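Summary of structural features
Residue-level listing of the chains:
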Amino acid sequence: MTGIRNILILTGAGVSAESGVATFRGPDGLWEGHRVEDVATPEGFARDPELVHAFYDARRARLGKVGPNAAHQALARLDHEWPGELLLVTQNVDDLHERAGSQRLLHMHGALNNGWCLRCNERFGWEGMMGAAAQCPSCATYGMVRPDIVWFGEIPYGMDQIDAALLRADLFVSIGTSGAVYPAAGFVRTARYRGASTLEINLEPSQGSIFFDERRYGPAGTEVPAWVDELLAG
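Residues numbered from 1 in each chain as written. Predicted model: local features only at pLDDT ≥ 70, side-chain atom pairs only at ≥ 80, totals over all residues. Heavy atoms only, no water.

Taken together, three strands build an open sheet; the order of strands is β7-β6-β8 and the sheet is antiparallel. The open sheet has two edge strands with one neighbour each: β7 (123–125) and β8 (145–149). Taking each pair of neighbouring strands and ignoring which way they run, the sheet shows an average axis angle of 45°. Sheet analysis places strand β6 (residues 110–117) next to β7, joined by three bridges and oriented antiparallel. When the bridges of β7 are listed, Trp116 appears paired with Arg123. The strands that helix α4 (residues 49–62) touches are β6 and β8; relative to β8, the one it contacts most, it runs at about 55°. (Pairing = 2+ DSSP bridges. Helix = DSSP H or I, 4+ residues; strand = E, 2+ residues; numbered from the N terminus. Axes fitted to C-alpha atoms, helices over the stretch in contact; angles between N-to-C directions. Contact = heavy atoms within 4.5 Å.)

This is how it looks when you write it as structure tokens:
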């Protein structure tokens, strides 16, 4: 690829799976034994906040048992060394990109280590258990804090910033995504329409693989470092 200066990278569950982070979405449409409607919607939270908090508390606790893999580390290296614009947009709610050192980063689906107070509308970092009786560190209200996760039916974060980056991108790269979840699944077509080159790096072809100019298939921990090495070598 020549003439590349501005890069937009999208990552999904396939990047973190190699670190041992369980994916939410299973082949039967359940998130590890729970219905999506029960643990990943505002309605489910209103109906049974204790169940929802238990679900995310368990997943937050698991983050301390895993670490960034070679794909996270390679993307952090690219972030540090790439001289042009770069935006790493992740659908993942873990913190492995940050722990690897990525800084030009946007969590479009929120983050497990953040909370959101429904009383004062503040968002803040959160470590450890949250639970249904959590106290907001901003307004001190109890029982109004929820995980700062974008649930089904809610608008992903940073869409204006992502759209602006897609407009300027010379290269769009999708890594470890199924191509099934919108709006992220539509980014490749937007990038192509605006003239960007497109690359898919995945364990297997995604649902939108036909829209990519180049495709590389294999483990992210192998394929991503190889691609970053090639890109930085010019």
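The next thing to look at is the domain arrangement of the protein chain. If you check the domain split of the protein chain, you get domain 1 (1–21 + 67–109 + 156–234) and domain 2 (34–65 + 112–149). The C-alpha-based centres of domain 1 and domain 2 are spaced at 28 Å. Every contact between the two is made by six residues of domain 1 and, on the other side, seven residues of domain 2. Taken together, the two surfaces of domain 1 and domain 2 that pack against each other cover about 580 Å², and 47% of this comes from carbon and sulfur. When the area that domain 1 buries against domain 2 is broken down by residue, the three leading residues are Val93, Asp95 and Tyr157, summing to 63%. Linking domain 1 to domain 2 there are zero salt bridges. For the pair domain 1 and domain 2, the number of links is five residue pairs in polar contact (both at pLDDT 80 or more). Counted by class, the side of domain 1 that touches domain 2 contains two nonpolar, one polar and three charged residues. (Domains from an automatic or database assignment. Buried area = accessible area lost by both parts, 1.4 Å probe. Salt bridge = Lys/Arg side-chain N within 4 Å of Asp/Glu carboxyl O. Polar contact = N/O pair within 3.5 Å; in protein donor to acceptor, adjacent residues only side chain to side chain. Nonpolar A, V, L, I, M, F, W, Y, C, P; charged D, E, K, R; others polar.)

The next point concerns the UniProt feature "active site" (unreviewed entry) in the protein chain. Residues annotated in UniProt with the feature "active site" (unreviewed entry) correspond here to His109. With respect to the element layout, His109 can be found in the loop between β5 (105–107) and β6. Those residues in contact with His109 that lie beyond four places of it in its chain are Thr90, Gln91, Val93, Asp148, Ile149, Val150, Pro156 and Val181. Within the structure, His109 has its side chain in polar contact with the backbone oxygen of Gln91 (distance 3.3 Å). (UniProt positions renumbered as here; feature names shortened; annotations may be inferred.)

A few words on the pattern of salt bridges. The final tally for this structure, using the stated rule, is 14 salt bridges. Where Glu81 meets Arg77, a salt bridge forms, and the shortest distance between an N and an O atom there is 3.3 Å. On the criterion of helical spacing, the pair formed by Glu81 and Arg77 is a turn pair, its members being four residues apart in helix α5 (residues 70–81). Note on Glu81: relative accessible area 45%, which makes it partly exposed. Relative accessible area serves as the criterion here: at 34%, Arg77 is assigned to the partly exposed category. The closest approach of N and O atoms between Arg99 and Asp95, which form a salt bridge, is 3.0 Å. Taken together, the shared-partner salt bridges in this structure form one network comprising Arg35, Asp38 and Arg47. (Buried < 20%, exposed > 50% of the residue type's maximum accessible area, 1.4 Å probe, protein only.)

Under the criterion given, the structure shown has five aromatic pairs. Relative to Phe212, the ring of Phe172 has its centre 6.3 Å away and its plane inclined at 20°; by these criteria the two rings are stacked. Pair noted here: Phe172 is in strand β9 (residues 171–175) and Phe212 is in the loop between β10 (197–202) and β11 (214–217), with a separation of 40 residues, a long-range link. For the pair formed by Phe172 and Phe212, the shared burial category is buried. Three or more aromatic residues link up through ring pairs in this structure, and these residues are Phe45, Phe55, Tyr56 and Trp151. (Phe/Tyr/Trp six-rings, centres within 6.5 Å; stacked < 30°, edge-to-face > 60°.)

The next subject is the environment of Gly101. Mapped onto the secondary structure, Gly101 falls in the loop between α6 (96–100) and β5. Taking the relative accessible area as the measure of exposure, Gly101 reaches 17% and is therefore buried. Sequence separation between Gly101 and Leu75 is 26 residues; the distance between their C-alpha atoms is 8.7 Å. When residues no more than four places from it in sequence are discounted, the contact partners of Gly101 are Ala76 and His80.

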